[in-house]
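Analysis of the macromolecular model
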Amino acid sequence: MSASGAVQPGPPGAAVGPSSSAAGLPATGPLFRPLSAEDEEQQPTEIESLCMNCYRNGTTRLLLTKIPFFREIIVSSFSCEHCGWSNTEIQSAGRIQDQGVRYTLTVRGQEDMNREVVKTDSATTRIPELDFEIPAFSQKGALTTVEGLISRAISGLEQDQPTRRATEHAIAERIDEFIGKLKDLKRMASPFTLVIDDPSGNSFVENPHAPQKDDALVITHYNRTPQQAEMLGLQAEAPEEKSEEEDLRNEVLQFNTNCPECNAPAQTNMKLVQIPHFKEVIIMATNCENCGHRTNEVKSGGAVEPLGTKITLHITDPSDMTRDLLKSETCSVEIPELEFELGMAVLGGKFTTLEGLLKDIRELVTKNPFTLGDSSNPDQSEKLQEFSQKLDQIIEGKMKAHFTMDDPAGNSYLQNVYAPEDDPEMKVERYQRTFDQNEELGLNDMKTEGYEAGLAPQR
């Protein structure tokens, strides 16, 4: 049987029963005999089948054979004497292999064009030089040659060209141009590369020099991906498993603790939150049902940054009060217009808005027990009252001011409302920490590399 018979598309006829003239398989010898034109005993089995074109009976011929240096296959060929419709198909007679296979053939001459090729349904065929690909399961399996594969591709592209020329002339011209390139390859106008990638491992490209090595052919075996195994029906579609980290982002964790005020049993809620254009933080909140005490705290979800961060915002509009803000425990705050500075660790870590932080600062300063009562200094009380009034003016947008956050650990954040563009009213500076700042963060004595060697003599 010639290779050109493998280029006809379409499913085989539906078998309805053997005909009276069916020739059975040889009574003796192996079931799958090596493929050879000189083997006169190797005859196909004929089965009367229904033609799917005219719905009259035609003939299906089945040939069980073995490709040398490959494996067993079943070649089926259908023809109808009434309407003339015919097609040829190939199926693997073995199991799906343990690994997928990829054949990369450099076609340099007519000898390479005549190589036998077994292409299964699941194989993808590519010609990189033309950026051309035949996807898996878009064609039936075929026993053909390299030239036959190209002829089959040309036939498929030419099939609807008359219709395209009438309705989509520009597209038809581009397809004609591409068909011309395929015909140039068929005439061996230039060398090209043919890649056959089959996850089932049942495709094959002939090595005419077997059992010697073929320099023009590279065979690569690989492990199938879960998607390829699912495509072949080897495993059921599994639900996408979310990683533990993704689960934490979507879940509020709870653990039991005691209220810091009344020591009654309470619960602390913890959630991992991704701040846009920044990093992940951990928000912890405690609410005591016994005394009503509530507290919240923010921890950075990452490591100490290589550089410190200084963020300066020029407050010019009331809308600035709505900016999201993350103040870590290592961050200090400064408002030059008020001659105010808030040191590290004061107010703890907070994830709030700029307005929320300024109100916390006002409450912290004005409700300080050492500045209230009969023993307080009148001048100090007057200064605190003036400070509170100016802070209220800043919150209400009636007074412009500069708000500076300085975090040596680099774990603080102020929202850029123009992100990802630069904010004209906000300046972000990165700087090298001083020795004293590293000492305060505990980084000078921290050894993260090679510490095992230092511990070895002590064990």
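Since the structure is predicted, the reported quantities are computational estimates derived from the model, not experimental observations. (Residues numbered from 1 in each chain as written. Predicted model: local features only at pLDDT ≥ 70, side-chain atom pairs only at ≥ 80, totals over all residues. Heavy atoms only, no water.)

What follows covers the environment of Glu-329. Residue position: Glu-329 is located in the loop between strand E20 (324–327) and strand E21 (332–335). Separated by 31 residues in sequence, Glu-329 and Val-298 have C-alpha atoms that sit 8.4 Å apart. (Helix = DSSP H or I, 4+ residues; strand = E, 2+ residues; numbered from the N terminus.)

Next up on the list: the side chain of Thr-268. Within the element layout of this structure, Thr-268 appears in strand E16 (residues 265–274). Its relative accessible area of 5% is what places Thr-268 among the buried residues. Within the local environment of Thr-268, its side chain forms a polar contact with the side chain of Thr-286, the two groups lying 2.8 Å apart. Contacts of Thr-268, omitting those with residues within four sequence positions, involve Leu-253, Gln-254, Phe-255, Thr-257, Met-284, Ala-285 and Thr-286. (Buried < 20%, exposed > 50% of the residue type's maximum accessible area, 1.4 Å probe, protein only. Polar contact = N/O pair within 3.5 Å; in protein donor to acceptor, adjacent residues only side chain to side chain. Contact = heavy atoms within 4.5 Å.)

The antiparallel open sheet is built from 3 strands, whose spatial order is E23-E20-E25. The open sheet has two free edges, formed respectively by strand E23 (350–353) and strand E25 (413–414), since each of these has just one partner strand. With 4 bridges connecting them, E20 and E23 associate as antiparallel partners. Bridged to Leu-325 within E23 is Thr-352. (Pairing = 2+ DSSP bridges.)

As a further point, take the pairing of strand E9 (residues 124–127). In regular strands, side chains alternate between the two faces of the sheet. Relative to strand E12 (residues 192–198), E9 runs antiparallel, the two sharing 3 bridges. Along E12, the bridge assignment pairs Arg-126 with Val-195. Alignment of E9 against strand E10 (residues 132–134), held across 3 bridges, turns out to be antiparallel. Looking across to E10, one finds that Arg-126 is bridged to Glu-133. If you look at the hairpin formed by E9 and E10, you'll find 4 residues sitting between the two strands, and Asp-131 has a positive phi there, around 55°.

Bringing the pattern of salt bridges into the picture now. All told, the structure shown has 14 salt bridges when counted by the stated rule. The salt bridge partner of Lys-183 is Glu-158, with a shortest N-O separation of 3.3 Å. With Lys-183 in helix H4 (residues 169–186) and Glu-158 in helix H2 (residues 146–158), this pair connects stretches of sequence that are 25 residues apart. Exposure remark for Glu-158: the relative accessible area of 34% places this residue in the partly exposed category. Asp-320 is the partner of Arg-323 in a salt bridge, and the nearest nitrogen-oxygen pair spans 3.2 Å. Three or more residues are tied together by salt bridges with common partners; here these are Asp-112, Arg-115 and Asp-214. (Salt bridge = Lys/Arg side-chain N within 4 Å of Asp/Glu carboxyl O.)

Another point: H4. The terminal C-alpha atoms of H4 lie 25 Å apart, and with 18 residues this matches the ideal 26 Å at 1.5 Å per residue to within 8%. When H4 is considered as a whole, its buried residues turn out to be Ala-172, Ile-175, Phe-178, Ile-179, Leu-182 and Leu-185. Projection of H4 onto a plane perpendicular to its axis shows the buried side chains occupying an angular sector of 125°, all on one side. Every exposed residue of H4 that faces more than 90 degrees away from the buried side is listed here: Arg-174 and Glu-177. Two residues or fewer past H4, Met-188 is found with a positive phi of approximately 60°. (Expected span 1.5 Å × (residues − 1). Arc of directions from axis to C-beta.)

Taken over all residues, the pLDDT of the protein chain has a mean of 79, while the share at 70 or more is 79%. The element-level mean pLDDT for the protein chain is lowest in strand E1 (residues 14–17), coming to 41, with E12 highest at 94. This stretch, residues 1–28, has a pLDDT under 50; its non-local contacts, to residues over four places away or in other chains, come to 59 contacts. (pLDDT = per-residue confidence, 0-100.)

Although it is not a glycine, Phe-137 sits at a positive phi angle of roughly 65°. By the element assignment, Phe-137 lies in the loop between E10 and strand E11 (142–145).

Right, let's talk about the packing of aromatic side chains for a bit. To describe a pair of aromatic rings, one takes the distance between the centres and the angle between the planes. One pass over the structure, following the stated rule, counts 3 aromatic pairs. Considering the side-chain rings of Phe-78 and Trp-85, the 5.7 Å spacing of their centres and the 55° angle between planes classify their relative orientation as tilted. On the basis of relative accessibility, which here comes to 1%, the residue Phe-78 falls in the buried class. Seen in terms of ring centroids, Phe-340 and Phe-387 are 5.3 Å apart; in terms of plane orientation they differ by 45°. Their pairing is tilted. Here the residue Phe-340 occupies a position in strand E22 (residues 340–342), and Phe-387 occupies one in helix H8 (residues 378–396), the gap between them amounting to 47 residues. Among the residues examined, Phe-340 registers a relative accessible area of 12% and is labelled buried. Residue Phe-387 is classed as buried on the basis of its relative accessible area, which comes to 11%. (Phe/Tyr/Trp six-rings, centres within 6.5 Å; stacked < 30°, edge-to-face > 60°.)

Let us now look at the nonpolar core. With 35 residues, the main nonpolar core has Val-107, Ile-127, Val-146, Leu-182, Phe-192 and Leu-194 as its most contacted residues. For this core, the secondary-structure elements that each account for two or more residues are strand E5 (72–79), strand E7 (100–107), strand E8 (116–119), E10, H2, H4, E12 and strand E13 (204–205). Setting aside chain neighbours within four positions, we find Val-107 in contact with Asp-112, Met-113, Val-146, Met-188, Pro-191, Phe-192 and Leu-194. The next biggest cluster of nonpolar side chains, apart from the first, holds 27 residues, and it includes Leu-358, Phe-387, Leu-391 and Met-399. (Core = buried A, V, L, I, M, F, W, Y, C linked by side-chain atoms within 4.5 Å.)

With that settled, the discussion passes to the pairing of E8. Where E8 lies against E11, 4 bridges are found, and the strand directions are antiparallel. Across the sheet, the residue bridging to Val-118 is Leu-143, located in E11. Pairing between E8 and E13: 2 bridges, direction antiparallel. By the bridge assignment for E13, Val-117 is matched with Val-205.

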